[in-house]
Amino acid sequence: MSIEPARTRIAPSPTGHMHLGTARVALYDYLLAKKTGGQFVLRIEDTDLKRTVPGAEQEIMDGLRWLGLQYDEGPDIGGPFGPYRQTGRRDIYQAHARILVDKGHAYPCFCTPERLEKVRQEQMKRKENPRYDGTCRVIPPVEAAKRVASGEAHTIRFKIPYEGATVAHDHLRGDITTENKQLNDQVILKTDGLPTYHLAAIVDDHEMQITHVMRGSEWLGTFPLHVNIVRAFGWEEPVWIHLSVFLKPSGKGKMSKREAAEAMKDGYSIFIKDMQDLGFTPEGVLNWSALMGWGVAEDDVMTVEQMIDRFTIDSLTPSPAAINFQKLDHFNATHIRLMRTEDLAARLKPYFTREGLSVKEDVLLRIIPLIRERLTTLDDCISFGAFFFKDEVTPNPEDLIAKGLDAKQSAEIARRAYQILGAGPDISHERCEPSMRAYVEESGFSANQVFGILRVAVTGQKVSPPLFESMEVIGRDVCLRRIENAIGILEKLPA
RNA sequence: GCCCCCAUCGUCUAGUGGCCCAGGACGAAGCCCUCUCAAGGCUUAAACGGGGAUUCGAAUUCCCCUGGGGGCACCA
C-alpha cells in the first residue's frame, strides 16, 4: 500500500436523491484518504443544467455528513482547488478545450442535433455501430476557426485516432484494450459552452490533483476515451479503480425506480435520506455497504476506524454485488448493540418525539438496556418502548385472556397479581419476580399464562421487553393502575 | 447488433498451484437458554457454471463455451 497521501474525490451529479452507491464510493474515497493521510474532496458535477434538481446538492452534503464522511474540500467549505462546483469552472473547461483544439486533439463540430439523429438512424438501419460520421473532423482548422469566430453554433469533439488501440489500466482489472475504431469522437464541450462529463471530470481530477479515481464500473465504457483525453493533455494518469456495481436483490440488473419503491414498502431503501428516516444508523449502512465490493476475510463487523485500518485498494472486488437488505438489518442491529447507552438514547429520542411522545430523559436511559438488543432499526424503539412514555395503555381485551384460560380465570390471576405487587412499598423486580414466581408455583398456572396477562395489562402489548424490569421503570402506581384497568376490562368480558 | 467487464454456498465474500474432501458472514434449519420478543451459545444443510489445455498436482494459469452485468447521447 502506497504511503503517499492520496487525494480522492466523490463527484456526484445533483440530479436526484443521494444513492447508496454514491455513499459507498464516498466511503472508499474517505477510507483511502484517511489511511494515507491525504484529502477527500467533494465536487459537484452540475454541468447538465436540464437535469439538475434543486436541493439535491444539499442532500448530498447532508448525507455525507450524516454518514460521518466529512470531506476536506467541497463547495460549501471551499479549499485550495476551488470552485468545487463545475458550473463555476466554465472558463477552465473552455480554456482546456481550446488547448486540445490547438494541439489537434479536438475540433469544432457544427452538426445539428437533427442531422446527428438522422445519421444515427441510418447507421442503425444498416446495422452499423452508431457513431459520429466525422463530417466536421475533416474541416480545415482555419476554416473551422473562422466559422467559430463568426459565432456559428458548435460543439467541440475529441479526436480519437482511427488506427490502433487504446490500452487503459484499471487497478482491479489490469489492462483493458479497446480498438480505436470502437471509440467515438465524443462531444467534450456542448453548444451551451459547458463541458460534458468527459472533459470536466478529466480536467478537474487533474487540476484538483486527484491521485485515485474510484467510480462505478458503468464508466468502463468511456474509460478509453478518458485515458485518451488525459494523454492528449500530456498529464499523468491517476490510479483508476472501477468499482463493482450494485444489483437489485435478485441479482438481475440494477435497482430501478420500481424496485426502489418495492423495497420502501418493506422498510428498506437505497436512498440515504430514506435510510435515515427508516431508522438505519450510519454505522450500519457504512459497514453494510463497505462489504459489498470489498473482501474482508473475517470479523466483518467494523467501525469506520477499523475500516481505515484494514482498507486497501487491492482488496476491492470487481464483480457486481446483489443488494441484501437482510444483511443491512444485521449490521444495523449489531451496531445498535455496540453503542454506548447515552449515545443510543440521543439517537432514539427523535423517534419517540416523532410519535408525539414526551420523553423523560431518566426513563429513556433506564429503558435502553431493556430494549437495545431487541432493536433492528432505531424506530423499533416505538414498538418496544412507547408504552413507557404513555399515560395509559389500551390493551386489546382478547390479549388479556391467557392461552388455555377464560376471561374469569384471567381476571382472577390479575387480581392476585395486583395484591402481590401492591403488597410492597416498591415494585422492584428483585421483590416482585420471586413473589410472582411463588404464586405461579402455588396456583398451578404456567409462568407463561400469568406473566402474559400481566404483560398485556402493564404494557398494552403481547410482545415487550422483560416484564419485571419494565414494571420497575414504569413505577408502582402506574403499574397497579394499569392492572386495575385490565381487571375491569376482563370482568366486562363474557365468561 | 457491436464493444467492454465479471464468474466460489441463495446472498456478500476468503482463497494468488499443494496448507481446501474450500474458510467466514447474512439468511435458513435444529437444539440449548427463556415470562413474550429478541439477544446469546452449540450444531447442520449449502458453492469452485461447463468443456478443453498446462502441470506430478488447479478453485487458483491459459483457451473456448455458457451465464450475468454494463456501455454504445450536445446524461452523468
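Up top you'll find the structure we're talking about.
In this text, all values refer to a predicted model and were calculated from it rather than measured experimentally.

The rules behind these values
- The numbering scheme is per chain: residues are counted from 1 as the chain's sequence reads.
- Throughout, the order in which chains and ligands are written sets their labels, letters from A for the former and numbers from 1 for the latter.
- Restriction of local features to residues with pLDDT of at least 70 applies here, the model being predicted, together with a cutoff of 80 or more for giving and counting side-chain atom pairs; totals for whole chains, interfaces and linings are based on all residues.
- Excluded from the side-chain calculations are hydrogens and water; all other atoms, namely the structure's heavy atoms, are used.
- Think of a salt bridge as a Lys or Arg side-chain nitrogen and an Asp or Glu carboxyl oxygen that are within 4 Å of each other.
- A run of H or I in DSSP becomes a helix once it reaches four residues, and a run of E becomes a strand once it reaches two; helices and strands are each numbered from the N terminus.
- With a 1.4 Å probe rolled over the protein chains alone, any residue whose accessible area is under 20% of its type maximum counts as buried; one over 50% counts as exposed, and the rest are partly exposed.
- We call a set of buried Ala, Val, Leu, Ile, Met, Phe, Trp, Tyr and Cys residues a nonpolar core when their side-chain atoms join them within 4.5 Å.
- Helix axes use the C-alpha atoms of the stretch in contact, all axes being lines fitted to C-alpha atoms, and the angles between their N-to-C directions lie in the range 0 to 180 degrees.
- Less than a right angle of anticlockwise turn of the near helix away from the far helix marks a crossing as left-handed, whereas a clockwise turn marks it as right-handed.
- In this description, contact between two residues means that some pair of their heavy atoms is separated by no more than 4.5 Å.
- Ten residue types, Ala, Val, Leu, Ile, Met, Phe, Trp, Tyr, Cys and Pro, are classed as nonpolar, four, Asp, Glu, Lys and Arg, as charged, and the remainder, Gly among them, as polar.

### Quick notes on the pattern of salt bridges
Stage number 1. As enumerated under the stated definition, the model contains 34 salt bridges in all.
Stage number 2. Between Asp205 and Arg9 there is a salt bridge, with the nearest N and O atoms lying 2.7 Å from each other. Remark: Arg9 occurs in strand S1 (residues 7–10) and Asp205 occurs in helix H6 (residues 197–207); sequence separation between them is 196 residues. You'll find Asp205 and Arg9 in the same group, each marked buried.
Stage number 3. Notably, a salt bridge pairs Arg416 with Glu442, separated by 3.7 Å at the nearest N-O pair. Of this pair, Arg416 sits in helix H17 (residues 407–422) while Glu442 sits in helix H18 (residues 429–443), and the two are 26 residues apart along the sequence.
Stage number 4. Assessed through its relative accessible area of 60%, Glu442 is described here as exposed.
Stage number 5. The structure contains a network of salt bridges with shared partners spanning Arg9, Arg43, Glu45, Arg89, Asp204 and Asp205.

### A word on the nonpolar core
Stage number 1. Core analysis: the biggest nonpolar cluster contains 59 residues, and Leu348, Phe352, Ile367, Phe388, Phe389, Leu421 and Met436 have the highest contact counts within it.
Stage number 2. Put simply, the parts of the chain that give this core at least two residues each are helix H13 (341–354), helix H14 (361–371), helix H15 (380–385), H17, H18, helix H19 (447–459), helix H20 (467–474) and helix H21 (476–492).
Stage number 3. With 56 residues, the next largest nonpolar core counts Ile10, Ala263, Ala290 and Trp294 among its residues.

### Details of the packing of H17 against H18
Stage number 1. Between H17 and H18, the shortest axis-to-axis distance is 10 Å and the interhelical angle comes to 140 degrees. Taken as a pair, H17 and H18 cross one another with a handedness that is right-handed. Side by side, H17 and H18 meet where Ile413, Arg416, Ala417, Ile420 and Leu421 of the first sit next to Arg431, Cys432, Ser435, Met436, Tyr439 and Glu442 of the second.
Stage number 2. For the contact of H17 with H18, the per-class residue count stands at seven nonpolar, one polar and three charged.

### Thoughts on unusual backbone geometry
Stage number 1. Residue Pro83 follows Gly82 across a cis peptide bond; omega there is -5 degrees.
Stage number 2. With respect to the helices, strands and loops of the structure, Pro83 is situated in the loop between helix H2 (56–67) and helix H3 (90–102).
Stage number 3. Backbone geometry places Lys127, a non-glycine residue, at a positive phi of 60 degrees.
Stage number 4. Along the chain, Lys127 turns up in the loop between helix H4 (113–125) and helix H5 (141–149).
Stage number 5. Exposure remark for Lys127: the relative accessible area of 77% places this residue in the exposed category.
Stage number 6. Non-glycine residue Gln209 carries a positive phi angle of around 55 degrees.
Stage number 7. By the secondary structure assignment, Gln209 is in the loop between H6 and strand S8 (212–216).
Stage number 8. Judged by its relative accessible area of 47%, Gln209 is partly exposed.

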